[in-house]
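Inside the fold
One-letter residues, chain by chain:
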Amino acid sequence: MFEYKVVPAPVKGVKAKGVKTPEARFALGVEQAINALAAEGWEYQRSDMLPSTERVGLTGSETHWRTLLVFRRAVAEVAAPPAPVTPARVEPVLTAAAVSSAVPEGDGVAEADDVPAKEPQFEEGNEETRPA
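Here's a quick rundown of the structure. Note that the coordinates shown come from a computational prediction; the quantities given were computed from them, not determined experimentally.

Here Ala 16 lies in the loop between strand E1 (2–8) and helix H1 (22–38). With a relative accessible area of 33%, Ala 16 lands in the partly exposed category. Between the alpha carbons of Ala 16 and Gly 29 there is a distance of 9.9 Å; along the sequence they are 13 residues apart.

Below is the structure:
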């Protein structure tokens, strides 16, 4: 994953010893701008010309074309938090004494009663207590 930085390109050349022509001065200014950001870890990608609409006077507007330098650098991936550590399941250890006391007496089958279950009785309320 990358993050990007866009800066305006220099519009004037830079005076330096041995650089005489306006083209060479302008190239030196662009070179210094690129090298300054490269020292911070930014990688030069490209330059773009994009329109910029600006106000002129009270009601007017003009479109100016701006040259921009595009840089990028890698962003450290944020690692997902580690999964919570769950302890291994501990099985209970049964001793012979515990097993014999835990087993119910008889054949283990419950006997059903012959008495049928009572049906619930519902009373009808008056209209004031009924939901609408």
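From this point, the narrative continues.
What follows covers the nonpolar core. The biggest cluster of nonpolar side chains holds eight residues, and these are Val 7, Ala 9, Val 30, Ile 34, Leu 37, Trp 42, Leu 69 and Phe 71. When residues of this core are traced back to their parent elements, those giving at least two are H1 and strand E3 (60–74). The greatest single-element share of this core, amounting to three residues, is contributed by H1.

Glancing now at the sheet that holds E3. In a beta sheet, neighbouring strands are held together by backbone hydrogen bonds and run either parallel or antiparallel to one another. Pairing is antiparallel across the open sheet formed by three strands, whose spatial order is E1-E3-E2. Looking at which strands have only one partner, the edges of the open sheet turn out to be E1 and strand E2 (43–56). Within the sheet, the average angular offset between the axes of one strand and its neighbour, ignoring direction, is 30 degrees. Of the pairings in the sheet, the one linking E2 to E3 comprises 13 bridges and is antiparallel in character. Pairing of Val 56 across the sheet is with Gly 60, part of E3. Running at roughly 45 degrees to E3, H1 makes contact with E1, E2 and E3 of the sheet.

Relative to the 24 Å expected for 17 residues at 1.5 Å per residue, H1 spans 24 Å between its end C-alpha atoms, a close match to the ideal helical length. Along H1, the positions that sit buried rather than exposed are Leu 28, Gly 29, Val 30, Ile 34 and Leu 37.

Here we come to the pattern of salt bridges. Considering all chains together, one arrives at four salt bridges under this definition. For Glu 3, the salt bridge identified is with Arg 73, shortest N-O distance 2.8 Å. In this pair, Glu 3 is assigned in strand E1 and Arg 73 in strand E3, connecting sequence segments 70 residues apart. For Arg 73, a relative accessible area of 29% puts it in the partly exposed group. For the salt bridge of Glu 54 with Arg 66, the shortest nitrogen-to-oxygen distance reads 2.3 Å. Here the residue Glu 54 occupies a position in strand E2, and Arg 66 occupies one in strand E3, the gap between them amounting to twelve residues.

Conventions and cut-offs
Residues numbered from 1 in each chain as written. Predicted model: local features only at pLDDT ≥ 70, side-chain atom pairs only at ≥ 80, totals over all residues. Heavy atoms only, no water. Helix = DSSP H or I, 4+ residues; strand = E, 2+ residues; numbered from the N terminus. Buried < 20%, exposed > 50% of the residue type's maximum accessible area, 1.4 Å probe, protein only. Core = buried A, V, L, I, M, F, W, Y, C linked by side-chain atoms within 4.5 Å. Pairing = 2+ DSSP bridges. Axes fitted to C-alpha atoms, helices over the stretch in contact; angles between N-to-C directions. Contact = heavy atoms within 4.5 Å. Expected span 1.5 Å × (residues − 1). Salt bridge = Lys/Arg side-chain N within 4 Å of Asp/Glu carboxyl O.

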